[in-house]
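Structural characterization, general
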Amino acid sequence: MKILITGANGQLGRELSKQFNVGENQLLLTDVGDLNITDINEVQLYLNKNRPDLIINCAAHTNVDKCEADFDNAFKINAIGPKNLASAGFAIGAEIVHISTDYVFDGEGSTSLTEFDGTNPQTAYGKTKLCGEELVRNLNPKHYIIRTAWLYGDGNNFVKTMLNLSKTNNSVKVVNDQFGTPTSTAELAKVIVKLVKEKNYGLFHCTCKGQCSWYEFAKEIFRIKGIDIEVIPCSTEEYPRPAKRPKFSVLRNYMLEMTTGDITAEWKEALKEYLSNP
Ligand SMILES: NC(=O)c1ccc[n+]([C@@H]2O[C@H](COP(=O)([O-])OP(=O)(O)OC[C@H]3O[C@@H](n4cnc5c(N)ncnc54)[C@H](OP(=O)(O)O)[C@@H]3O)[C@@H](O)[C@H]2O)c1
């Protein structure tokens, strides 16, 4: 299979580049310098020339605070980009994998969210990502739209931030009233490979199993690494950010459970695995 990965230098792009690099697969790895997904002409030219069977869109504007300051730019990358890939992909018969986020929900509930719960994004990031989902769904029926959360892998992420802070600090303050599920790119990519193999199209939630607060996440990182540092719990109010964070955005992988089976690991297991590969 010929596979185009956009945003291939990002965290998930790097992991998928590894996991899809098997057998007969031929990979086309691009990032913004090679293929700017916001430019419809560029996308059409690239797809007509290279004719992939599968497009995996890992490109996104993932800085939720910066999205708040520049909605139009976030919209171009998170909505117009996926639209271009979906429609130009449809024209050449390609399938599309598109990645979305827990930020499509308002995070005000207290039970885990399935694919059938109502969306209500509160931020520019969440709104533009939801538009991206809708455009992909409408423009290419052969879609896999996968919502994930609290992602870490090869790139900048919370785990790296905590480990870096521990080098120069004796204590860190971490928010203890926002709940979600840390998810490694390795676990997410494993599921994407399976969905594609089975041609199991549709909308899926995919996070690791279980839930925690950012404070509990930080404690577990330091426990696994044997780092002696004080982790001080704090409230969202004590740590104001430009973009509102969801209080509770634990996703339930309901469509995976109901179709192919949920093969994701518990979040602590996935974290241990990640931290054992420096
Ligand atoms: N990170 C999380 O916690 C998280 C949580 C839930 C969902 N997600 C979703 O998961 C997906 C993967 O996230 P990630 O953490 O792997 O993201 P990432 O590390 O930020 O990677 C995104 C990549 O897209 C590239 N890109 C930006 N604009 C582009 C454009 N116009 N054309 C082509 N490439 C462009 C970026 O390049 P530059 O770096 O040069 O801008 C970067 O290499 C995204 O859809 C994200 O919304 C992430």
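Before reading further, recall that the structure is shown in the block above.
Just so it is clear, the model here is predicted, and its values are computed rather than measured.

This paragraph deals with the overall build of the protein chain. Of the regular secondary structure elements, the protein chain holds 10 helices and 12 strands. Projecting the C-alpha coordinates of the protein chain onto the three principal axes gives extents of approximately 55 × 40 × 40 Å. When the 278 residues of the protein chain are sorted by exposure, 50% land in the buried category. Positive and negative charge centroids in the protein chain, built from 31 and 34 side chains respectively, lie 3 Å apart.

All right, on to helix α7 (residues 185-197) then. Taking 1.5 Å per residue, 13 residues should reach 18 Å; α7 reaches 18 Å between its end C-alpha atoms and fits that length. Residues of α7 that are buried: T185, E187, L188, A189, V191, I192, L195 and V196. Just beyond α7, the residue with positive phi is K199, at close to 50°.

Further remarks concern the packing of aromatic side chains. Taken as a whole, this structure holds 11 aromatic pairs when the rule is applied. With 6.3 Å between their ring centres and 20° between their planes, W150 and F217 make a pair best called stacked. One end of the pair, W150, is in the loop between β5 (143-148) and β6 (151-152); the other, F217, is in helix α8 (residues 214-225), and 67 residues separate them in sequence. Of the two residues examined, W150 and F217, each falls in the buried class. A connected cluster of aromatic rings, assembled from ring pairs, spans W150, Y152, F158, W214, F217, W267 and Y274.

A few words now on the site of the ligand. In the vicinity of the ligand, 25 residues are found, and the nearest of them are L12, D31, T62, Y125 and K129. One nitrogen or oxygen atom from the main chain of Q11 is found 3.0 Å from an oxygen atom belonging to the ligand. Contact between the ligand and V32: a nitrogen atom at 3.5 Å from a main-chain N or O atom of the residue. In isolation the ligand has 900 Å² of accessible area, and contact with the protein removes 78% of it. Elements supplying a minimum of two residues to the shell around the ligand: α1 (11-19), β4 (95-101) and α5 (124-139). Broken down by element, the shell around the ligand gets its largest block of residues, 3 residues, from β4. A breakdown of the residues in the shell around the ligand according to their chemical character gives 13 nonpolar, 10 polar and 2 charged.

A few words now on the packing of helix α6 (residues 158-168) against helix α10 (residues 267-275). Across the interface, α6 lies against α10 with an axial gap of 12 Å and an inter-helix angle of 60°. Between α6 and α10, the angle falls in the class oblique. Classified by chirality, the crossing of α10 by α6 is right-handed. Here V159, K160 and L163 of α6 come into contact with α10, specifically with L271, Y274 and L275.

Parameters and conventions
- For every chain, the first residue of the written sequence is number 1, and numbering continues from 1 along that sequence.
- A pLDDT threshold of at least 70 governs which residues receive local features in this predicted model, and a stricter bar of 80 or more applies before side-chain atom pairs are shown or counted, although totals over entire chains, interfaces and linings include all residues.
- Excluded from the side-chain calculations are hydrogens and water; all other atoms, namely the structure's heavy atoms, are used.
- Segments assigned H or I by DSSP are reported as helices when at least four residues long, segments assigned E as strands when at least two residues long, and all are numbered from the N terminus.
- Accessibility here uses a 1.4 Å probe with only protein chains present; expressed as a share of the type maximum, an area under 20% marks a residue as buried, one over 50% as exposed, and anything in between as partly exposed.
- Charge assignment: positive for Lys and Arg, negative for Asp and Glu; neither His nor the chain ends contribute.
- Note on charges: their place is set at NZ of Lys, CZ of Arg, CG of Asp or CD of Glu.
- Expected span of a helix: the number of residues minus one, times 1.5 Å.
- Between 30 and 60 degrees the pair is tilted, below 30 it is stacked and above 60 it is edge-to-face, where a pair is any two Phe, Tyr or Trp rings, Trp via its six-membered ring, whose centres lie within 6.5 Å.
- Distances are taken per atom, and a residue is near a molecule or strand as soon as one of its heavy atoms is within 4 Å of it.
- Two N or O atoms form a polar contact when they lie within 3.5 Å of each other; inside protein one atom must be a possible hydrogen donor and the other a possible acceptor, and for residues adjacent in sequence the pair counts only when both atoms belong to side chains.
- Note on areas: these come from Shrake-Rupley sampling with a 1.4 Å probe, and a residue is covered only by the protein chains present in the view.
- Residue polarity follows a fixed list, in which Ala, Val, Leu, Ile, Met, Phe, Trp, Tyr, Cys and Pro are nonpolar, Asp, Glu, Lys and Arg are charged, and the others, Gly among them, are polar.
- With axes taken as lines fitted to C-alpha atoms, and helix axes fitted only over the stretch in contact, angles between N-to-C directions fall between 0 and 180 degrees.
- Angle categories are assigned with fixed cut-offs, so that under 35 degrees is roughly parallel, over 145 is roughly antiparallel, 65 to 115 is roughly perpendicular, and the rest are oblique.
- When the near helix sits turned anticlockwise from the far one by under a right angle, the crossing is termed left-handed; a clockwise turn instead gives a right-handed crossing.
- Contact criterion: two residues are considered in contact whenever any of their non-hydrogen atoms come within 4.5 Å of each other.

Take it as geometry only, folks, not as evidence of what the structure does.
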